[in-house]
Amino acid sequence: MPQLDIKLLEENTRFWENRYRNNNIQWHIDDVNPMLFKHLKTLIPSVTGEVGEGSKADSNPKKIFIPLCGKTKDIPFLLSLGHEVFGVESFSAAIEELNYDHNLELKFDQQKSLYESEDGRLKIYCGDFFTCPIEDFEPFDCIWDRGSFIAVDYHFREAYVEMMKRAVALGTGHKFRYLLQTVRYDKTVYPGPPRCVDPDDIEKFLEPWASVQQLDRYPVSDDSPMRMTAGDVGDLDEIALFLTNKN
Ligand SMILES: C[S@@+](CC[C@H](N)C(=O)[O-])C[C@H]1O[C@@H](n2cnc3c(N)ncnc32)[C@H](O)[C@@H]1O
């Protein structure tokens, strides 16, 4: 695991806390994420029927990891399909709000810094992603990475990828499916977040350990929250990548 600069980690936590406190949370959408909807059957092939709010429960539940989960509605959606979800979020008030809004009845174990539902199908580690005891929860079958890899500072990318390799128990033969939201723009004009993932990043951080497929690429519209956050960066595309075990 690369050395982590504790001061930078603390700065990062403060940055996101301030965004919540100032209600500057444009990334949060009041719906299930459209990219997850669109590619759900790629991420979880055992899902059957129409994908939507009324989708039927999956008879083959998966262990799904949502890093940097915030208070995303994707969590109750995936639970409603019968899956197990593990999230990591540093800002406890976001988890509390998710809990309240969706009647999840999570109990908090202070010693483990873990929110857990009565049936154990939802667990959220409240703390820093980079110091999360991931071995207590892996291996995950599926990862839904939205506003997560692209949220972390460029400086932390190597450490991030090391955590993900641990999350999928790389090297043990465990099979994983990983849906990764990325964005592409000219990195020299905007520092992020969201942070750009260009072909060199894919080659450096992802391809050494995973087979990477581009599922989708489309321009981000002018009125989208992502465009408002990134400002005047010129061409801005959202790209869905799909990672699986390397052959
Ligand atoms: C851009 S938001 C995305 C949230 C969620 N994935 C979604 O789609 O709505 C990033 C989230 O990650 C959290 N976060 C940022 N850095 C973190 C870290 N190092 N450890 C744990 N959580 C972190 C922030 O508090 C915020 O809720």
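Description of the structure in this document.

Rules used in this analysis
- Residues numbered from 1 in each chain as written.
- Predicted model: local features only at pLDDT ≥ 70, side-chain atom pairs only at ≥ 80, totals over all residues.
- Near = placed C-beta within 6 Å.
- Helix = DSSP H or I, 4+ residues; strand = E, 2+ residues; numbered from the N terminus.
- Nonpolar A, V, L, I, M, F, W, Y, C, P; charged D, E, K, R; others polar.
- Core = buried A, V, L, I, M, F, W, Y, C linked by C-beta atoms within 7 Å.
- Buried ≥ 20, exposed ≤ 12 C-beta atoms within 10 Å, placed from the backbone.
- Contact = placed C-beta atoms within 7 Å.
- Pairing = 2+ DSSP bridges.
- Axes fitted to C-alpha atoms, helices over the stretch in contact; angles between N-to-C directions.

## Some remarks on the site of the ligand
Surrounding the ligand, one finds 20 residues, the nearest of these being Trp16, Leu68, Gly70, Phe129 and Gly147. Of all the elements in the fold, those that place two or more residues in the shell around the ligand are helix H1 (6–21) and strand S2 (84–89). Its residues placed into classes, the shell around the ligand shows 10 nonpolar, seven polar and three charged.

## Some remarks on the nonpolar core
Core analysis: the biggest nonpolar cluster contains 60 residues, and Ile64, Ile75, Val85, Phe140, Ile143 and Trp144 have the highest contact counts within it. If we skip the residues at most four places from it in the chain, Ile64 touches Leu78, His83, Glu84, Val85, Phe140, Asp141, Cys142 and Trp144.

## Here's the deal with the sheet that holds strand S7 (residues 177–184)
Strand order across the open sheet formed by nine strands is S3-S4-S5-S2-S1-S6-S7-S9-S8, with mixed pairing between neighbours. Each end of this open sheet is capped by a strand with a single partner; those strands are strand S3 (107–109) and strand S8 (210–219). If you compare each strand with its neighbour and ignore which way they point, the axes differ by 20° on average. Relative to strand S4 (residues 114–116), S3 runs antiparallel, the two sharing three bridges. Across the sheet, Asp109 pairs through a bridge with Leu114, a residue of S4.

## Observations regarding the pairing of strand S5 (residues 122–126)
Burial of S5 is extensive: four of the five residues sit out of reach of the surface. Looking at chain direction, S2 and S5 are connected through five bridges and run parallel. Its bridge partner being in S5, Phe86 is matched across the sheet by Lys123. Bridge count between S4 and S5: three bridges; the pairing is antiparallel. In the sheet register, Leu114 faces S5, and the bridge partner there is Tyr125. Between S4 and S5, which follow one another and run antiparallel, lie five residues, and Gly120 among them has a positive phi close to 75°.

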